[in-house]
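# Report on the structure
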Amino acid sequence: MLPLPLLQETADTVGYMLFGYAVLLGLPALYIVSWFMRRRNLERDLETLETLAQDEKKRAERARPTNASPVESAKPADRPSRS
Amino acid sequence: MPKASRSVQLLNIVTAVLMLIALGLVFLYAPRERVMGEVQRIFYFHVPSAWLSFTAFVVTAVAGAVYLRTARPFWDQVASSSVEIGLLFTIMATVSGSIWARPAWNTWWTWDPRLTTYTIMALIYVAYLMLRQGIEDPERRARFAAVYGIVGVISVPITWFSIRWWRTIHPVVIGSGSATAEGGFDMTSKMLTTFLFANLAFTFLYATLLVNRVRLARFSERVEQLKARLLAA
Amino acid sequence: MQAEPRPAARPVATDLAQPAGRARHFLRVVGAIVWKDLAAELRSRELLSAMIVFALLVILTFNFALELDRSPAARERTGAGVLWVATVFTGTLGLNRSLAMEKDRGSLDGMLLAPIDRSALYLGKALGNLLFILLVEAILLPVLAILFNLPMLRPLLLGVVGLGAVGYAAVGTLLASLAMHSRSRDVMLPILLLPVAVPVLVAAVRATSGVLAASAWDEIAPWINLLIGYDVIFIAAAFMLFEYVVEE
């Protein structure tokens, strides 16, 4: 009498195996792709923020020399007239 | 984002090579299992995913504890990164296990206690991420997440020991009697080599993912800080 | 309410130098906090009545959902589950309210300013919550016993209920104080608490159904040991972690 497992035939389960490995490799791949997307978004944010910061600085620099002169006080006044 | 340092690049390459070798062993070296056939090959990646998910959550708790002691944001970044990767591994283990269970147990899912507890563990760490999302203040968010991460990890040994408390059809991999449970099998030495190598490769995979995810987290923190500074100005 | 912990702030300075004096001080603070919650509840009767009505509604819902009125067999099988689901859901209700009230009235900040030990604050809140859960149980058990003809009042079962409630209140108080600060706090508490409380729930249900079925002690004992183990672990963890939750 043979032990039970020897009497059993090997099941054909290639499809399940491929499905399984598609998941096991696909999920981490998707996850890493999501990193690159997050990174790209962050880099875009950073770029925007840096240009904003630069504008801020430039404006501050432009304002400084006029700041010292008495003409500066007139400046806010002519803005509404222009619009 | 700053470029990866030389050592991180090296780690990335080593991990990629190890994963490729592991895949080669799984498909070309390991023998076909006699009863279940090819699907048994899922085992070599399924079990390391599950083990590394536990590791990831333990790392979260430890990093959380270190954060509570030191209050350095770096440790919070490690903790939250590790949760994300742990959840990735949890999903990989669950889905691949389900695909394996279909031919082996003739069902996609059973309410086997270990599966159930594993799912509950996943829910704990989903809750962890939701808690983080619900708190604005970064300092408080880190503190609360650390506390919850530590509370949550208490459930991980429960998951592990639950197999002794309830009867289960999930086979115990290492130890005696593994072949008697339905869906279990005896490992030949080639299978064992493949399995051990896959565990090594997955450990490297976890470490690499963690290192790179923390890099992303640090970059994200920098952008957030700049944003906060500009808004305040 | 802010001024309530006054008795705790009164101890004589020399008293605090001795360990026994410090322990007495600690207990007095805990007592003051429990008493504060109880007194507030006695005045408004807001929380407890809501919890009791809710618990009864859970039982009623189960009665229809599981057709418990039909067969005694169904009742025996599910009685323990109904008891503990009612306890768990009602518990979240109580925990949420108990800490939300604290935050909304600003009394938590008041207590944090007072020179009291953080662990005394935790113990006080946890004991208060435990008391509320036990009061609900005191109503639930006889109601279940009468409605479903189950032997709910066995001494051993009371012990199981006590052990389960202690573990649930211990971890629930800690997590409720986390959830309190999150954006959607009412939803957050069950999401944080239920998966962590599952072991307590499982052990309590198994022990309860063991007692209801009059099983041998050998079959019930492991679950009771499990409950005791959880209670100890969660209380210890909460004690250590609570100071980080309230730290500002």
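It should be noted that the structure appears before, not after, this text.
The structure reproduced in this document is the subject of the present report.

## Details of the overall build of chain C
Helix and strand content of chain C: nine helices and zero strands. The order of helices and strands in chain C, counted from the N terminus, is α-α-α-α-α-α-α-α-α. Counting across all 248 residues of chain C, residues that qualify as buried make up 52%. Across chain C, the fraction of contacts at a sequence separation of at least 24, relative to all contacts at a separation of at least 6, is 76%. Split by element, the accessible area of chain C, about 11,200 Å² in all, is 66% carbon and sulfur.

## Notes on the overall build of chain A
Of the regular secondary structure elements, chain A holds three helices and zero strands. Start at the N end of chain A and walk to the C end: the helices and strands fall as α-α-α. Per-residue burial over chain A gives 14% buried out of 83 residues. In the structure as shown, chain A presents an accessible area of about 6,500 Å², 62% of it carried by carbon and sulfur atoms.

## Some words on the nonpolar core
By size, the foremost hydrophobic cluster in this structure holds 163 residues, and its most contacted members are B:Tyr44, B:Phe45 and B:Tyr148. For B:Tyr44, the residues in contact, after removing those within four places along its chain, are A:Tyr21, B:Val26, B:Ala30, B:Met191, B:Thr194, B:Phe195 and B:Ala198.

## Digging into the layout of surface pockets
Of the volumes computed, that of the largest pocket is approximately 1,100 Å³. Lining the largest pocket are 29 residues, with B:Asp76, B:Arg132, B:Arg141, B:Ser220 and B:Glu224 sitting closest to its centre. Contributing elements (two or more residues each) for the lining of the largest pocket: helix H2 (14–68) of chain A together with helix H3 (73–105), helix H4 (113–133), helix H5 (138–153) and helix H7 (189–232) of chain B. Ranked by residue count, the leading element in the lining of the largest pocket is H7(B), at ten residues. Split into classes, the residues belonging to the lining of the largest pocket amount to twelve nonpolar, five polar and twelve charged.

## Focus on a nonpolar patch on the surface
On the surface, A:Phe19, B:Trp108, B:Trp109 and B:Trp111 cluster together to form a nonpolar patch covering roughly 490 Å² of accessible area. With respect to the element layout, A:Phe19 can be found in helix H2.

## Points about the interface of chain B and chain A
On the side of chain A, 31 residues touch chain B, which itself brings 40 residues to the contact. Scanning the region where chain B abuts chain A turns up one salt bridge. A salt bridge links B:Glu84 to A:Arg38, with the nearest nitrogen and oxygen atoms 3.1 Å apart. In this assembly, chain B and chain A are joined by six residue pairs in polar contact (both at pLDDT 80 or more). Tallying contributions element by element places H7(B) first for the side of chain B that touches chain A, with eleven residues. Classifying every residue of the side of chain B that touches chain A gives 24 nonpolar, six polar and ten charged.

## Thoughts on empty space enclosed by the protein
All names here are of chain C. Enumeration over the complete set of coordinates arrives at four cavities of 30 Å³ or more. Its volume calculated, the largest cavity comes out at about 140 Å³. At the level of elements, helix H2 (19–44), helix H4 (72–104) and helix H6 (118–148) are the ones that each hand at least two residues to the lining of the largest cavity. Taken together, the residues of the lining of the largest cavity sort by class into four nonpolar, two polar and six charged. There is about 50 Å³ of room inside the second largest cavity.

## Looking at the interface of chain B and chain C
Listed by partner, the interface residues are 24 residues for chain B and 29 residues for chain C. Carbon and sulfur atoms supply 74% of the area buried between chain B and chain C, which totals about 2,500 Å² over both sides. Where chain B touches chain C, the interface holds one salt bridge. Across the pair B:Glu136 and C:Arg183 runs a salt bridge, and its minimum N-O distance is 3.0 Å.

## Some remarks on the packing of helix H1 (residues 6–29) of chain B against H7(B)
All names here are of chain B. Put simply, H1 and H7 touch, their axes get as near as 9 Å, and they point 150 degrees apart. Taken together, the axis directions place H1 and H7 in an arrangement best described as roughly antiparallel. Judged by the twist between their axes, the crossing of H1 over H7 is left-handed. Among the residues forming the contact of H1 with H7, the class breakdown is 19 nonpolar, six polar and two charged.

## A look at helix H9 (residues 217–246) of chain C
With 30 residues, H9(C) ought to run about 44 Å at 1.5 Å a step, and its terminal C-alpha atoms sit 42 Å apart, in line with that. The sharpest bend along H9(C) comes to roughly 35 degrees, located at C:Met240.

## Section: the side chain of B:Ser80
All names here are of chain B. On the secondary structure map, Ser80 appears in helix H3. Residue classification places Ser80 among the buried positions, given a relative accessible area of 15%. At 3.3 Å, the side chain of Ser80 and the backbone oxygen of Gln77 are in polar contact. Leave out the neighbours within four places in its chain, and Ser80 touches Tyr128 and Arg132.

## A closer look at the environment of C:Lys125
All names here are of chain C. On the secondary structure map, Lys125 appears in helix H6. We classify Lys125 as buried; its relative accessible area is 2%. Separated by 26 residues in sequence, Lys125 and Leu99 place their C-alpha atoms 8.4 Å apart. Those residues in contact with Lys125 that sit more than four places away from it in its chain are Ile33, Asp37, Ser98, Leu99, Glu102 and Thr173.

## Some details on the packing of aromatic side chains
On inspection of all chains with the given rule, the structure shows 17 aromatic pairs over all chains. For the ring pair C:Tyr230 and C:Phe234, a centre distance of 5.7 Å and an interplane angle of 25 degrees mean the geometry is stacked. Here the residue C:Tyr230 and the residue C:Phe234 both occupy positions in helix H9, the gap between them amounting to four residues, near one helical turn. With respect to burial, C:Tyr230 and C:Phe234 carry one shared label: buried. Three or more aromatic residues link up through ring pairs in this structure, and these residues are A:Tyr21, B:Phe27, B:Phe45, B:Phe89 and B:Phe202. A cation over an aromatic ring shows up here: B:Lys190 above the ring of B:Tyr29, its NZ or CZ 5.2 Å from the ring centre.

## Some words on unusual backbone geometry
In this structure, B:Asn106 takes a positive phi of about 65 degrees despite not being glycine. Tracing the sequence through the fold places B:Asn106 in the loop between H3 and H4. A positive phi is found at C:Ala214, a non-glycine position, where the angle reads about 55 degrees. Among the secondary structure elements, C:Ala214 is positioned in the loop between helix H8 (185–212) and H9. Judged by its relative accessible area of 56%, C:Ala214 is exposed.

Reading the values: rules and limits
- Residues numbered from 1 in each chain as written.
- Chains lettered and ligands numbered in written order.
- Predicted model: local features only at pLDDT ≥ 70, side-chain atom pairs only at ≥ 80, totals over all residues.
- Heavy atoms only, no water.
- Helix = DSSP H or I, 4+ residues; strand = E, 2+ residues; numbered from the N terminus.
- Buried < 20%, exposed > 50% of the residue type's maximum accessible area, 1.4 Å probe, protein only.
- Contact = heavy atoms within 4.5 Å.
- Areas by Shrake-Rupley, 256 points an atom, 1.4 Å probe, with all protein chains shown as cover.
- Core = buried A, V, L, I, M, F, W, Y, C linked by side-chain atoms within 4.5 Å.
- 1 Å grid on protein atoms, 1.4 Å probe; cavity = no way out; pocket = protein on both sides within 12 Å on 5 of 7 lines; lining within 4 Å.
- Points joined across faces, edges and corners; volume = space filled by probe spheres on them.
- Nonpolar A, V, L, I, M, F, W, Y, C, P; charged D, E, K, R; others polar.
- Patch = residues over 30% accessible without salt bridge, like charges linked within 9 Å, V, L, I, M, F, W, Y side chains within 5 Å.
- Salt bridge = Lys/Arg side-chain N within 4 Å of Asp/Glu carboxyl O.
- Polar contact = N/O pair within 3.5 Å; in protein donor to acceptor, adjacent residues only side chain to side chain.
- Buried area = accessible area lost by both parts, 1.4 Å probe.
- Axes fitted to C-alpha atoms, helices over the stretch in contact; angles between N-to-C directions.
- Parallel < 35°, antiparallel > 145°, perpendicular 65-115°, else oblique.
- Left-handed = near helix turned anticlockwise from the far one by under 90°.
- Expected span 1.5 Å × (residues − 1).
- Bend = angle between axes of the 7 residues up to and from the residue.
- Phe/Tyr/Trp six-rings, centres within 6.5 Å; stacked < 30°, edge-to-face > 60°.
- Lys NZ or Arg CZ within 6 Å of the ring centre and 35° of its normal.

Just geometry here; none of it tells us what the structure is for.
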